[in-house]
Amino acid sequence: MPSAALHALGSSTTVEPDSGALATIESSVDSVFSGVADALSSVVFYSVSIGGATFPLIVGWLVLAGLVFTAYFGVIQVRGLKVAVETIRGRFSRDDDPGEVSHFQALTSAVSGTVGLGNIAGVAVAVTIGGPGATFWMIVAGLLGMCTKFVECTLGVRYREVHDDGTVTGGPFRYLKVAFGKLKVTWVGTVLTAIFAVAIFFFGVAGGNMFQANQTFAQVRNVTGGDDGPLGSDGAALVFGIVLAVLVGAVILGGISSIGRVTSKLVPAMAILYITACLVVILGNVGRVPDAVGAILSGAFDPEGVAGGVLGALIVGFQRAAFSNEAGIGSAAIAHSAVKTRRPVSEGFVALLEPFVDTVVICTMTALTIVIASPQSWLDARAEVAETGSTSADGVVLTSDAFESVVSWFPIVLAIAVALFAFSTLITWSYYSEKAWAHFLGRSRASVLTFRIVYCLFTVVGSVLTFSSVLTLADAMLFVCALVNIIGLYVLAPVVKEELRSYLADRRSGKLSRDAAQAPAA
């Protein structure tokens, strides 16, 4: 997730304003939002103490959904892996299927929205606070999240609206009204859908846009010499923001089709770059691999571990996974609903791969890299946690130090990865925010163009300023989405089960292959 590292699990490097005037603006905006942000955050992220560890109830809500759906759908995230891969490859697709993007493009668009700084900084702090054992529970929660994504993205396609111009509106904007209609409280569904739209829009502009722009500039400036480098001068952030906004605008002006084309190339490239860098670190310390794996497994069940023992490791691991892959939030269902398909559950199969890539692969690679390399900064941070129960360490620095332990210039690779992750998040959240904008202001060409211009302007603002209270409020509002979205998923789960039964029956009979053969995908 773009900015969930701000909550309990992570710390972030930010760009401070260049001038007193900008600092005054930032302070004024923060003062307006601070009270609301603190109040809403205290409710949404309300935590209880379990065995000495602090557990946010919203995480339990998300993990419980994963457990319930995994049982209800018979561990479909395991049984359906083969079908998911076949669907991505276009085996059951047709040229004339309604929608805007291919299965692969829908997947990469959604993945680009979840993979962000949290996969690097947030994971680093997670394995510091929860110890290596947090990695094990992070993987478990990621596997559970796969089933939640399966449900919400199937519904996103099932109840989507394909407009006359071929564009699509789907996700919770559509299926929440249906769900609450089944509960005979349609007006509640209308109100909660509006709240969902406001929350998604606000988070998209703040966490999915401004925060990403700010982090990108901060990391690029750090690896180019900091205050003494070419980006250390007054005005550099503004120029950087303008350039970034132009690049973002060049992609998002084409809508989801353009975003899908870019992410289908960008996401595999950035994943390969980052995973390769992690593998270099791991292989460079290959002798430590058995001990690291042992530390992860033993730490997951160690009653005397860091920050709450086994419960602490479990809670931190679940928290990182839930905040990272957004399973249950409903955001990814917006992107997946644009897929070209006539069978909604086909995209559910594709979507279940998203938490696997985001959490099981990328988050786990970050954790393994740090645990195996064990840089001194990480060991110091763990000692700080053991003594005080928390750490002031910056997650990006911990990961950077792990990379640097093998190759001195690897922090530059990390900076490139952060920039790519941030850019991909920027363009995908523009689509989510645009759908929220259209929910209230319509889909006219003028309305959509106005939104895209406004979104790019906020990219520039984010490069120059960081509104901490705004970001806190944005994170809280995003998880408000989970509270209502998961209720809708529970109500409509039988619909998904019937879609699944019909789809698998047609697959076994060969009907899917025959239908696809009538009009092979390009």
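Conventions and cut-offs
- Residues numbered from 1 in each chain as written.
- Predicted model: local features only at pLDDT ≥ 70, side-chain atom pairs only at ≥ 80, totals over all residues.
- Heavy atoms only, no water.
- Helix = DSSP H or I, 4+ residues; strand = E, 2+ residues; numbered from the N terminus.
- Buried < 20%, exposed > 50% of the residue type's maximum accessible area, 1.4 Å probe, protein only.
- Areas by Shrake-Rupley, 256 points an atom, 1.4 Å probe, with all protein chains shown as cover.
- Core = buried A, V, L, I, M, F, W, Y, C linked by side-chain atoms within 4.5 Å.
- Contact = heavy atoms within 4.5 Å.
- Disulfide = S-S within 2.5 Å.
- Salt bridge = Lys/Arg side-chain N within 4 Å of Asp/Glu carboxyl O.
- Polar contact = N/O pair within 3.5 Å; in protein donor to acceptor, adjacent residues only side chain to side chain.
- Axes fitted to C-alpha atoms, helices over the stretch in contact; angles between N-to-C directions.
- Parallel < 35°, antiparallel > 145°, perpendicular 65-115°, else oblique.
- Left-handed = near helix turned anticlockwise from the far one by under 90°.
- Nonpolar A, V, L, I, M, F, W, Y, C, P; charged D, E, K, R; others polar.
- Phe/Tyr/Trp six-rings, centres within 6.5 Å; stacked < 30°, edge-to-face > 60°.

Here we take up the overall build of the chain. Counting its secondary structure elements, the chain contains 22 helices and four strands. Along the first, second and third principal axes, the C-alpha atoms of the chain reach 60 × 50 × 45 Å. Residue burial in the chain is summarised as follows: out of 522 residues, 59% are buried. Roughly 18900 Å² of accessible area belongs to the chain as shown, and the carbon and sulfur atoms make up 65% of that amount.

So, about the nonpolar core. By size, the foremost hydrophobic cluster in this structure holds 156 residues, and its most contacted members are Phe73, Phe150, Val248, Tyr274, Phe349 and Tyr432. Looking at this core element by element, the count peaks at 21 residues for helix α21 (residues 468–509). In contact with Phe73, not counting residues within four places along its chain, are Arg79, Cys147, Phe150, Val151, Ala493, Val496, Lys497 and Leu500. With six residues, the next largest nonpolar core counts Ile129, Ala134, Val316 and Val385 among its residues.

Bringing the environment of Ala422 into the picture now. Note on placement: Ala422 falls in helix α19 (residues 410–441). The sequence separation of Ala422 and Asn214 amounts to 208 residues, and the corresponding C-alpha distance is 9.4 Å. With residues up to four places along the chain from it excluded, the contact list for Ala422 reads Gln212 and Thr216.

This brings us to the environment of Leu279. Tracing the chain through its elements places Leu279 in helix α11 (residues 255–284). A relative accessible area of 38% places Leu279 in the partly exposed class. For the pair Leu279 and Met365, spaced 86 residues apart in sequence, the C-alpha separation works out to 8.0 Å.

Any covalent bond linking the sulfur atoms of two cysteines counts as a disulfide. Using the criterion set out here, one finds zero disulfides in the structure. Cysteine Cys153 is unpaired, with the sulfur of Cys147 as its nearest cysteine sulfur at 12 Å. Not engaged in a disulfide, the cysteine Cys278 finds its nearest cysteine sulfur in Cys363; these two sulfurs lie 11 Å apart. Exposure remark for Cys278: the relative accessible area of 0% places this residue in the buried category.

Glancing now at the environment of Ala269. Following the sequence through the fold, Ala269 ends up in helix α11. Taking relative accessible area as the criterion, Ala269 reaches 40% and is therefore assigned partly exposed. Considered as a pair, Ala269 and Ser444 are 175 residues apart in the sequence and their alpha carbons are 34 Å apart.

Moving on, we come to the pattern of salt bridges. Inspection of every chain in the model, using the stated rule, returns seven salt bridges. With a shortest N-O distance of 2.7 Å, Glu86 and Arg507 are connected by a salt bridge. One end of the pair, Glu86, is in helix α4 (residues 81–88); the other, Arg507, is in helix α21, and 421 residues separate them in sequence. Judged by relative accessible area, Glu86 falls into the buried class, the value being 10%. One salt bridge in this structure joins Arg452 and Glu434, with 2.8 Å as the shortest N-O distance.

Moving on: the side chain of Thr169. Mapped onto the elements, Thr169 comes out in strand β4 (residues 168–169). A polar contact of 2.8 Å, which involves the side chain of Thr169, links it to the side chain of His163.

Between α11 and helix α16 (residues 353–373), the least distance of the axes is 9 Å, while the angle of their chain directions is 25 degrees. In terms of orientation, α11 and α16 fall into the roughly parallel class. Like other packed secondary-structure pairs, α11 and α16 cross with a definite hand, here left-handed. On the side of α11, the interface is formed by Tyr274, Ile275, Cys278, Leu279, Val281 and Ile282, while α16 contributes Val361, Ile362, Met365, Thr366, Leu368, Thr369, Ile372 and Ala373.

Looking now at unusual backbone geometry. The phi angle at Glu326 is positive, at roughly 60 degrees, despite the residue not being glycine. Residue position: Glu326 is located in the loop between α13 (309–325) and α14 (331–336). Of note in this structure, Ser374 is not a glycine but carries a positive phi near 45 degrees. Within the secondary structure, Ser374 is located in the loop between α16 and α17 (376–388).

With that settled, consider helix α15 (residues 344–351). Within α15, eight of the eight residues are buried, leaving the element largely enclosed by the surrounding structure. The complete set of buried residues in α15 reads Pro344, Val345, Ser346, Glu347, Gly348, Phe349, Val350 and Ala351.

With that out of the way, let us pick up the side chain of Ser424. With respect to the helices and strands, the residue Ser424 is situated in helix α19. Relative accessible area serves as the criterion here: at 0%, Ser424 is assigned to the buried category. The residues contacting Ser424, other than those within four sequence positions of it, are Ser112, Val115, Leu266 and Met270.

With that settled, the discussion passes to the packing of helix α9 (residues 186–223) against helix α20 (residues 445–464). The contact between α9 and α20 brings their axes to 7 Å, and the two run at 40 degrees. The orientation of α9 relative to α20 falls into the category oblique. The hand of the α9/α20 crossing is right-handed. Contacts from Phe201, Gly204, Val205, Gly208, Asn209, Met210, Ala213, Asn214 and Phe217 in α9 reach Phe451, Tyr455, Phe458, Thr459, Val461, Gly462 and Ser463 in α20. Broken down by class, the residue content of the contact of α9 with α20 amounts to nine nonpolar, seven polar and no charged.

Attention shifts here to the packing of aromatic side chains. Here the structure, examined in full by the defined rule, presents 22 aromatic pairs. Ring geometry for Trp61 against Tyr490: centres 6.1 Å apart, planes inclined by 85 degrees, an arrangement best described as edge-to-face. With Trp61 in helix α2 (residues 57–72) and Tyr490 in helix α21, the pair connects residues that are 429 residues apart, well separated along the chain. Residue classification places Trp61 among the partly exposed residues on the basis of a relative accessible area of 23%. Residue Tyr490 is classed as partly exposed on the basis of its relative accessible area of 27%. Aromatic pair Phe201 and Phe451: ring centres 6.3 Å apart, planes at 55 degrees, arrangement tilted. Of this pair, Phe201 sits in helix α9 while Phe451 sits in helix α20, and the two are 250 residues apart along the sequence. Residue Phe201 is classed as partly exposed on the basis of its relative accessible area, which comes to 25%. We classify Phe451 as buried; its relative accessible area is 1%. Taken together through their ring pairs, the aromatic side chains of Trp61, Phe69, Tyr72, Phe73, Phe150, Phe349, Tyr490 and Tyr503 make up a single cluster.

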